[in-house]
Amino acid sequence: MDDWSRVADVDPMILGIHRCRPVNHAAKLTPYIGRDVDRQVRESISRSQNGGFTLIVGDSTAGKTRTLYEAVAEICPDARIFSPSTSGEIRQIPQIASEGTRQCVLWLDDLERYLGPDGVDPFLVGRLIESGVCIAATMRAERYETFMPRAERAAGLIHDPLAQHVSRIGMQVLNVADLIELERVWSTRELQDARNFSDPRIVEAVDHHGPYGIAEYLAAGPPLYSEWKWALRANGNPRGHSLVAAAIDLARAGLVAPIKLSDLEGLHGLYLNQAGGAVLRPEKFEEAVEWATSVRFGVTSLLMPDGDGWRAFDYLVDAAAREDRNFPTGEPFWLMAASIARHEGEYFSATATASKNGHKDLVDRLWAERVNDGDDHAAFHLALQFEGHKDDESYENWLLMSAGAGNDQALFMLGELEIDRGDIGKAISTLSWGLELGGEDCAWRLGDIYANLGDVTKAENFGAPGMRWEALGRGSRSESILLGEVSCARRSMFSGRLRWTRGQLVLNITLLVRWKRTGL
């Protein structure tokens, strides 16, 4: 942790804050204009600075990242801050934070990048909070909606258990967060405050922002979106428009890693042909690339450089989603999206989005092909397709294949199946194997089993640190009630009489840990 930057020393641009239009020798960032939610955000960070989870949700360029950064910088200037590249890097942090003596902020700008089949889960969030980590996160409203209960129900309607599973886990993570919504369009009070600043960029934004928010105007979002839309015309920039459209839709499909230019070249023809092809007199490819990547307003471009590739300016992605623009018809787009996915989370997101857009048969074929190619992890995704039919032999076969490849989630589900059959001894063996592979779900389930068998000592060993199963009725009333709720919920998960979601269980445990630490 010692090599992490102090919050006060970190470059805000690295954390994801949009650049503003440059004027003469003005600073990269405009002075911060207070938002209506500032007090709420600062209070949340204050509560979370020794263990907690603050999440700001809003449209792209609404000002989420800047608002959160200003609160963290004010409350925790000396804390060490870490912004991971992948969800895998997050799993080490509870141990690092527990062993260190410095305050730690985990910065998750665009939280959706860290959610998915192998991403952040509620148990990891619980461990982070318990180890004293302040989780500071932002999330685009359009992506937040994909994890809400209605998204899970929608996945159920199209018979996509895999999408249901990920939506459910994501929802459980979000339920633990202290959620704060930030409006894109600024309030009367915020605009009045903005008029008190002399920075020429703010003055211009206040005078000309129209129906847009000040932050999105400063980031040049609206004029960029308008330019992109108008480019699709004869003698305009139809090929450049198509390149950007491909990047936008790949982002909407869940591909968050940089996209190679060669992939955009292979995909953009779908858009160009659908719009009219040669009739539009499309420009040469090199001209299209130059148009799409050139910097506008000294701030940004339609295609943004990102590592070894490119991505669409995120305002364009949100604006396209708000207009509910259709994906290209047919299977080619989804086949290309699946083929260029860089990791398992992206592959899942692309196939889940394809399923929601009427291509479930294609998705089933893609996963089956991966199993046939020797991808044992794909077997777990196929098992989820049969989760509602646990008596189907295919369900157990896919689980066994995935478990044999070391998938702890598959071992957890296999243990559940054995519990349902009454084979508790075999379930204990299966769940213990899953626990050895790091499956925290397996630990909680083993605790449930031993509690129901009356082995309190073993039940305690598999419980959350600091929890005592026999504590019900002792200590203060608050602790007894909370321990009682957690204990009851855990036993109910085993007996099936009253099934709490694991997200609700972690939330109760988190509250208990917070109560023990602060008395609140």
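Here the structure is shown first, and the text comes after it.
Please read these numbers as outputs of a predicted model, since none were measured by experiment.

Draft legend 1. Looking closely at the packing of aromatic side chains. Under the criterion given, the structure shown has eight aromatic pairs. Consider the rings of Tyr347 and Trp367, whose centres lie 4.9 Å apart with planes at 80 degrees: the pair is edge-to-face. Of this pair, Tyr347 sits in helix 17 (residues 344-356) while Trp367 sits in helix 18 (residues 360-372), placing them 20 residues apart in sequence. With respect to class, Tyr347 is no different from Trp367; both count as buried. An aromatic cluster is defined as three or more aromatic residues linked by ring pairs; in this entry it consists of Phe327, Phe333 and Trp334. In this structure, Arg322 packs its charged tip against the face of Tyr315, placed 5.7 Å from the ring centre.

Draft legend 2. A look at the environment of Val120. Relative to the elements of secondary structure, Val120 occurs in the loop between strand 4 (104-108) and helix 4 (122-130). In this structure Val120 touches Ser87, Ile90, Tyr114, Leu115, Val125, Ile169 and Val173, once residues within four positions along its chain are discounted.

Draft legend 3. Representation of the side chain of Asp249 within the structure. Here Asp249 lies in helix 12 (residues 238-252). On the basis of relative accessibility, which here comes to 5%, the residue Asp249 falls in the buried class. Within polar-contact distance, the side chain of Asp249 engages the side chain of Tyr271 at 2.7 Å. What Asp249 contacts, discounting residues up to four positions off in sequence, is Tyr271, Asn326, Phe327, Pro328 and Phe333.

Draft legend 4. Quick peek at the pattern of salt bridges. Under the definition given, this model contains 28 salt bridges. With a closest N to O distance of 2.9 Å, Asp199 and Arg201 form a salt bridge. For Asp199, a relative accessible area of 12% translates into the label buried. The partner of Glu416 in a salt bridge is Arg445, with the nearest N and O atoms 2.3 Å apart. Within this pair, whereas Glu416 is found in helix 21 (residues 408-420), its partner Arg445 is found in helix 23 (residues 440-452), the two being separated by 29 residues in sequence. The buried category is assigned to Glu416, whose relative accessible area is 16%. Relative accessible area serves as the criterion here: at 3%, Arg445 is assigned to the buried category.

Definitions and limits used
- Residues numbered from 1 in each chain as written.
- Predicted model: local features only at pLDDT ≥ 70, side-chain atom pairs only at ≥ 80, totals over all residues.
- Heavy atoms only, no water.
- Phe/Tyr/Trp six-rings, centres within 6.5 Å; stacked < 30°, edge-to-face > 60°.
- Helix = DSSP H or I, 4+ residues; strand = E, 2+ residues; numbered from the N terminus.
- Buried < 20%, exposed > 50% of the residue type's maximum accessible area, 1.4 Å probe, protein only.
- Lys NZ or Arg CZ within 6 Å of the ring centre and 35° of its normal.
- Contact = heavy atoms within 4.5 Å.
- Polar contact = N/O pair within 3.5 Å; in protein donor to acceptor, adjacent residues only side chain to side chain.
- Salt bridge = Lys/Arg side-chain N within 4 Å of Asp/Glu carboxyl O.

Don't take any of this as a statement about function, it's just geometry.
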